[in-house]
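# Examination of the molecular architecture
Listed here are the chains, written in short residue letters.
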Amino acid sequence: MFASDLDQTLIYSQRSFMNENLQEAILPVEWFENRYISYMTTYSISKLKQLSRELLFVPVTTRTKIQYQRINFAEYDIFFDYAVTSNGGTIFHKGIEDQEWSREVSAGCKNCLEAEDLIQRFNEIRHPSWVHPDSGKMADDLFYYCVVERDKIPVVELAAFKLWAKENNWELSIQGRKLYLVPKSVNKKTAVQYIKGKKGIDFSIAAGDSLLDLDMLNTADFAVAPAHGELHSLRLQNLLDLERIHFTRQHGIKAGEEILDYVADFRSKDLVV
């Protein structure tokens, strides 16, 4: 199995490569509000198409169900049976939601602080100077996110809130300009393990760039992360033990190519069953 995050791992916004001198074509994979907003290189698309036919490829994203459905891999003949959205809160099997998994997630959320109480506490430190006034919503009734100005975040206050949230079984993560508050029971790791159990798979490779991917990476047999994003930043600061994760040499959209080469290398050596 190859379980991979999407945004900033396999697919990239234009700002991720607009200043790079790329020698190959860039192809769109997402259309939104009358424009293309996410891309892959032709090499990455070709490599992912090959891999999706040779092993169980599972996209694993924090995107909501609607946001995920904007991605059009099928245009490039990339198909897969399973997909995980909503940071692990929803599993699609051949396009249909897995209701058994949804019930398990709902049961797990009962051990977490109510979302309304969490958001009320967050609003005590929230301020228009660093949180966009019109942002902040529940995604698929599972987790909360808002748009922030990272350089204006009150670091000490947010660190204290993050610790309090963790004590109440919620995780805080910042990816790009978005701040996420996610129940501990809604996570990518357990969703991937559920699919592995369904399919009887005992070997997996995982890829991702953020703290929301970390548990999934740590429980995979081999893990790879791009040389950018939240995990790479924490690695540079020596704030986490990330020794078992392989980081790419390249950053930006070219890191996506390197990630797929890494997976293909294991496949060619017959290490993936």
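Look above for the structure.
No experiment lies behind these values; they were computed from the predicted model shown. (Residues numbered from 1 in each chain as written. Predicted model: local features only at pLDDT ≥ 70, side-chain atom pairs only at ≥ 80, totals over all residues. Heavy atoms only, no water.)

Moving on to the nonpolar core. Counting 34 residues, the largest nonpolar core has M1, V58, I91, I195 and I245 as the members making the most contacts within it. Listed by contribution, the elements that provide at least two residues to this core are β5 (82–85), α3 (99–109), β9 (143–147), β11 (178–183), α6 (188–199), α7 (211–218), β13 (222–225) and β14 (245–247). Beyond its immediate chain neighbours, meaning those up to four positions away, I195 contacts M1, L56, V58, Y82, V84 and I91. By size, the runner-up hydrophobic cluster in this structure holds 28 residues, among which are F73, Y76, V224 and Y262. (Core = buried A, V, L, I, M, F, W, Y, C linked by side-chain atoms within 4.5 Å. Buried < 20%, exposed > 50% of the residue type's maximum accessible area, 1.4 Å probe, protein only. Helix = DSSP H or I, 4+ residues; strand = E, 2+ residues; numbered from the N terminus. Contact = heavy atoms within 4.5 Å.)

You can see S13 is positioned in the loop between β1 (2–4) and β2 (26–32). Every residue in contact with S13, bar those within four places of it in the chain, is listed here: Q8 and I37.

On to the pattern of salt bridges. All chains considered together, the criterion is met by 14 salt bridges. Of the charged contacts, one joins E171 and K166 as a salt bridge, the two residues approaching to 3.0 Å between their closest N and O atoms. Assessed through its relative accessible area of 42%, K166 is described here as partly exposed. Here E257 ties to K254 by a salt bridge, and the two come within 2.8 Å at their closest N and O atoms. Here E257 pairs with K254, and both are found in helix α9 (residues 253–268), just 3 residues apart, close to one helical turn. Bridged by salt links that share partners, the residues D7, E30, R63 and R70 form one connected network. (Salt bridge = Lys/Arg side-chain N within 4 Å of Asp/Glu carboxyl O.)

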